[in-house]
2 protein chains.
Amino acid sequence: VRRLRDVGEHAWVARLVHRLAMDVGGGVHIGPGDDAAVVRPGRASLVLTVDALVEGVHFRTGWLTPAALGRRLFGVTVSDVAAMGATPRWALLATESPAETASGVLDGIVRGFARGARGAGTRLVGGNVTTGPHLALTATVVGEIDRTPVSRAGGRPGDALYVTGALGMAGIAVRQLAGGRGGRLPQPPLRVRAGRLLAAVASAMIDVSDGLVQDIGHLCRASRVAAEVELDRLPVAPRCRRALGAAASRFAATAGEDYELVLAVRPAREAALRRIVPRLGCRLTRIGRLVAGRPAVRVIDAAGTPITLARSGFDHFRR
Amino acid sequence: VRRLRDVGEHAWVARLVHRLAMDVGGGVHIGPGDDAAVVRPGRASLVLTVDALVEGVHFRTGWLTPAALGRRLFGVTVSDVAAMGATPRWALLATESPAETASGVLDGIVRGFARGARGAGTRLVGGNVTTGPHLALTATVVGEIDRTPVSRAGGRPGDALYVTGALGMAGIAVRQLAGGRGGRLPQPPLRVRAGRLLAAVASAMIDVSDGLVQDIGHLCRASRVAAEVELDRLPVAPRCRRALGAAASRFAATAGEDYELVLAVRPAREAALRRIVPRLGCRLTRIGRLVAGRPAVRVIDAAGTPITLARSGFDHFRR
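Residues numbered from 1 in each chain as written. Chains lettered and ligands numbered in written order. Predicted model: local features only at pLDDT ≥ 70, side-chain atom pairs only at ≥ 80, totals over all residues. Heavy atoms only, no water.

1. Thoughts on the environment of B:Pro295
Phase 1 of the analysis: If you trace the backbone, B:Pro295 turns up in the loop between strand S11 (284-291) and strand S12 (297-300).
Phase 2 of the analysis: The spacing of B:Pro295 and B:Arg224 is 71 residues in sequence and 5.6 Å in space, taken between C-alpha atoms. (Helix = DSSP H or I, 4+ residues; strand = E, 2+ residues; numbered from the N terminus.)

2. A word on the pairing of strand S3 (residues 45-54) of chain A
Phase 1 of the analysis: Burial within S3(A) is extensive, with 10 of its 10 residues counted as buried.
Phase 2 of the analysis: Neither face of S3(A) is open: one carries A:Ser45, A:Val47, A:Thr49, A:Asp51 and A:Leu53, the other A:Leu46, A:Leu48, A:Val50, A:Ala52 and A:Val54, and all of them are buried.
Phase 3 of the analysis: Two strands pair when backbone bridges link them, and S3(A) and strand S2 (residues 37-39) of chain B are joined in this way by three bridges, in the antiparallel orientation. Bridging from a neighbouring strand, A:Leu48 pairs with B:Ala37 of S2(B). (Buried < 20%, exposed > 50% of the residue type's maximum accessible area, 1.4 Å probe, protein only. Pairing = 2+ DSSP bridges.)

3. With respect to unusual backbone geometry
Phase 1 of the analysis: Although it is not a glycine, A:Arg224 adopts a positive phi angle of roughly 55°.
Phase 2 of the analysis: Structurally, the position occupied by A:Arg224 is in the loop between helix H7 (212-223) and strand S9 (226-230).
Phase 3 of the analysis: Not every positive phi belongs to a glycine, and B:Leu190 is a case in point at roughly 55°.
Phase 4 of the analysis: Assignment of secondary structure puts B:Leu190 in the loop between helix H5 (169-178) and helix H6 (192-198).
Phase 5 of the analysis: Overall, the relative accessible area of 25% leaves B:Leu190 in the partly exposed class.

4. Points about the pattern of salt bridges
All names here are of chain A.
Phase 1 of the analysis: If you walk through the whole model with that rule in mind, you get 16 salt bridges over all chains.
Phase 2 of the analysis: For Arg 191, the salt bridge goes to Glu 260, with nearest N and O atoms at 2.7 Å. One end of the pair, Arg 191, is in the loop between helix H5 (169-178) and helix H6 (192-198); the other, Glu 260, is in the loop between helix H9 (248-254) and strand S10 (261-265), with 69 residues separating them in the sequence.
Phase 3 of the analysis: Judged by relative accessible area, Glu 260 falls into the buried class, the value being 4%.
Phase 4 of the analysis: Salt bridges here are not isolated pairs; linked through shared partners, they connect Glu 228, Arg 289 and Arg 298. (Salt bridge = Lys/Arg side-chain N within 4 Å of Asp/Glu carboxyl O.)

5. Some words on the relation of the copies chain B and chain A
Superposition of the two copies of the chain requires a rotation about an axis and a shift along the axis.
Phase 1 of the analysis: If you rotate chain B by 180° and push it 0.0 Å along the axis, it lands on chain A with an RMSD of 0.0 Å. On this basis, the relationship between the two copies can be described by a two-fold rotation axis. (Least-squares fit on C-alpha atoms with pLDDT ≥ 70 in both.)

6. What to know about the interface of chain B and chain A
Phase 1 of the analysis: With 71 residues of chain B at the contact, the number on the chain A side is 71 residues.
Phase 2 of the analysis: Both faces combined, the contact of chain B with chain A buries some 5,500 Å², and carbon together with sulfur accounts for 58% of it.
Phase 3 of the analysis: Scanning the region where chain B abuts chain A turns up three residue pairs in polar contact (both at pLDDT 80 or more).
Phase 4 of the analysis: The element that contributes the greatest number of residues to the side of chain B that touches chain A is strand S3 (residues 45-54) of chain B, accounting for nine residues.
Phase 5 of the analysis: Residues of the side of chain B that touches chain A, tallied by class, amount to 35 nonpolar, 20 polar and 16 charged. (Contact = heavy atoms within 4.5 Å. Buried area = accessible area lost by both parts, 1.4 Å probe. Polar contact = N/O pair within 3.5 Å; in protein donor to acceptor, adjacent residues only side chain to side chain. Nonpolar A, V, L, I, M, F, W, Y, C, P; charged D, E, K, R; others polar.)

7. Quick notes on a positive patch on the surface
Phase 1 of the analysis: Taken together, the side chains of A:Arg147, A:Arg269, A:Arg274 and A:Arg275 make up a positively charged region of the molecular surface.
Phase 2 of the analysis: By relative accessible area, A:Arg147 is classed as partly exposed at 37%. (Patch = residues over 30% accessible without salt bridge, like charges linked within 9 Å, V, L, I, M, F, W, Y side chains within 5 Å. Areas by Shrake-Rupley, 256 points an atom, 1.4 Å probe, with all protein chains shown as cover. Lys, Arg positive; Asp, Glu negative; His and termini not counted. Charge placed at Lys NZ, Arg CZ, Asp CG, Glu CD.)

8. Structural notes on the sheet that holds strand S5 (residues 123-131) of chain A
Phase 1 of the analysis: Pairing in this open sheet of six strands is mixed, and the strands run S5(A)-S4(A)-S6(A)-S3(A)-S2(B)-S1(B) from one edge to the other. At either end of the open sheet lies a strand with only one pairing partner, and these are S5 of chain A together with strand S1 (28-30) of chain B. Across the sheet, the axes of successive neighbouring strands diverge by a mean angle of 25°, strand direction being ignored.
Phase 2 of the analysis: Judged from the nine bridges that link them, strand S4 (residues 87-97) of chain A and strand S6 (residues 136-145) of chain A form a sheet pairing that is antiparallel. Along S6(A), the bridge assignment pairs A:Thr95 with A:Leu137.
Phase 3 of the analysis: Running over the sheet, helix H3 (residues 66-82) of chain A touches S3, S4 and S6 of chain A and is turned about 140° from S3(A). (Axes fitted to C-alpha atoms, helices over the stretch in contact; angles between N-to-C directions.)

9. Examining the packing of aromatic side chains
To describe a pair of aromatic rings, you give the distance between the ring centres and the angle between the ring planes.
Residues and elements named next belong to chain B.
Phase 1 of the analysis: The full count for this structure, using the stated rule, is two aromatic pairs over all chains.
Phase 2 of the analysis: Ring geometry for Phe 74 versus Phe 113: centroids 5.6 Å apart, planes at 90°, classification edge-to-face. Note that Phe 74 is positioned in helix H3 (residues 66-82) and Phe 113 in helix H4 (residues 103-119), a separation of 39 residues in sequence.
Phase 3 of the analysis: In this structure Phe 113 comes out as buried when scored by relative accessible area, which is 0%. (Phe/Tyr/Trp six-rings, centres within 6.5 Å; stacked < 30°, edge-to-face > 60°.)

10. Points about the packing of H3(A) against helix H4 (residues 103-119) of chain A
All names here are of chain A.
Phase 1 of the analysis: Interhelical geometry of H3 versus H4 gives an angle of 40° and a closest axis separation of 6 Å. The orientation of H3 with respect to H4, classified from their angle, is oblique. You can see that H3 and H4 cross each other, and the crossing is right-handed. When H3 is examined against H4, the residues Pro 66, Ala 67, Leu 69, Gly 70, Arg 71, Leu 73 and Phe 74 are found in contact with a partner set consisting of Val 105, Gly 108, Ile 109, Gly 112, Phe 113, Gly 116 and Ala 117.
Phase 2 of the analysis: When grouped by side-chain class, the residues that make up the contact of H3 with H4 number nine nonpolar, four polar and one charged. (Parallel < 35°, antiparallel > 145°, perpendicular 65-115°, else oblique. Left-handed = near helix turned anticlockwise from the far one by under 90°.)

11. With respect to H3(A)
Phase 1 of the analysis: For H3(A), built from 17 residues, the straight-helix expectation of 24 Å at 1.5 Å per residue is met to within 8% by its first-to-last C-alpha distance of 24 Å.
Phase 2 of the analysis: In terms of burial, H3(A) is a largely internal element, 13 of the 17 residues being buried. (Expected span 1.5 Å × (residues − 1).)

12. Concerning H4(A)
Residues and elements named next belong to chain A.
Phase 1 of the analysis: Over its 17 residues, H4 runs 24 Å from end to end, which matches the ideal 24 Å to within 8%, given 1.5 Å per residue.
Phase 2 of the analysis: For H4, the set of buried residues is Ser 103, Leu 106, Asp 107, Gly 108, Ile 109, Val 110, Gly 112, Phe 113, Gly 116 and Ala 117.
Phase 3 of the analysis: Of the residues one or two after H4, Gly 121 is the one with positive phi, at around 75°.

13. Some thoughts on empty space enclosed by the protein
Phase 1 of the analysis: Following the criterion strictly, the structure yields two cavities of 30 Å³ or more and no others.
Phase 2 of the analysis: Reported here for the largest cavity is a volume of approximately 140 Å³.
Phase 3 of the analysis: Taken together, 20 residues form the lining of the largest cavity, with A:Glu96, A:Ala136, A:Thr138, B:Glu96 and B:Thr138 sitting closest to its centre.
Phase 4 of the analysis: Class assignment of the residues belonging to the lining of the largest cavity gives a composition of 10 nonpolar, eight polar and two charged.
Phase 5 of the analysis: The computed volume of the second largest cavity comes to approximately 30 Å³.
Phase 6 of the analysis: Together, A:Gly75, A:Ser79, A:Ala82, A:Pro188, A:Leu190, A:Arg191, A:Tyr259 and A:Leu261 line the second largest cavity.
Phase 7 of the analysis: Of all the elements, H3(A) adds the most residues to the lining of the second largest cavity, at three residues. (1 Å grid on protein atoms, 1.4 Å probe; cavity = no way out; pocket = protein on both sides within 12 Å on 5 of 7 lines; lining within 4 Å. Points joined across faces, edges and corners; volume = space filled by probe spheres on them.)

Encoded structure:
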């Protein structure tokens, strides 16, 4: 096995740059290998976001192949661009890894990231490498949007709450992997197309990264409204349902890592939403509504009785 | 002391977002606190770069105050934008830190970064936080350029080589700090204005991050030329000269972390260069020239005799 130490930083970067240089076009004027990348935007606004995956925090060695890890990093990062209704265009990848790492591992991460990006119309245009005590990956994605971006702040009392896809699949996989019961960490669903379409009707939108209830809470605080979420309406992933039975909905409400989109829709836009749904490429489920009141998320059963959950989602500083 | 664990991720982010929300304008449509930042570029091309500072690799605890560390991170990252001749506009800051970190440390880092950025006309528009075993900071800077960017690839045989400012000051500080002899790590010089002015006359440009000889080597490979650098011409920082005497030039040639700019200038552009120098805000020193030949950097004395150096610069995977 050739370690990064054997290859050397500059030789590794030079090889990578040579490989990525094949990949021209897409508004890229100067790609990887110079001081900085140069790209040519259209007349749109730019959407900028950064996210990270850290070994021992977001994943453990052996949970994913290097390529799957790179693909996952792109997926979790682009999710924020999708949640604005924007189109991802360019990406940067910064890695921290021990010098003892097999150079094929870093190669695989970059390959998986670049392929995932390419599949979503995004070019990897630059990055950075440094050593460190463990593997930590940070990605920047720059998107374009030529309409008003959908922030978290546009929700109003009376808006309906919808969620794309299904919840709880990644959470249950993490639980099984962390418990040593094997399995595979599913890839984020890449709701880029859905986000762009839903931006035409959504009053507010956010992606589910840290847990549905907690992320709806972020939307509520930004919009200065409260939310009611009906637990029995949540679209629970079959894998989660099989594993947890009757407890699956509660788990799916807070597990996080789903990277689905949650959106608020005004009553007057419901008809327009129904016309869009067939083109989303995924399910869309009504799970509740926004109501007047102090920012808070009330989880209720079908009869409207409040349900208390042990947690609302993930806090990086408190685990 | 309040630890990040006591404050909680979301409370810490909410407080920060509130503080940064005061800072509007500057082409920022949606700043920190939403899924992603939204900015409005002009009709220019965009310059994208990312860089990182990792505890135990780039600095050790106690070498800098948190604010100085944040300021330093901005300085090392914006240096790549300056080396393209571009104007830095927007920045993202991603942090990895133990939950036991005092929350004031992360506050200080963000404050130092945002202030440093502001001083260079750049807005901090977003970021990410995660836990991790140590402090690791990753910054993205997005710049604009409405002229042809100065890449590393435009050098030709016959071009003169110049360097801004002075070399060896950061390197000697790192050596003294690492040896337990105290001192202060100097801040990168922020050659943003100089870079923009020099872009009008430079055929190729790069910043000195890993070591002058090694970074000129990068320029040579991109431009497919060789370089001759006269060791006695290097502008050695007084602090480095005092510490090392006659050995100072050799040290300054490879120590790195200077974040000065190295540029190649065609003979026909020398007159234009001389008119620019008074406005640079720093010295500019002619240190050698580009020559035909396989990409390599020949370090020579005043008589043209080759000098062999033990190393050319820093390699992250080989130390």
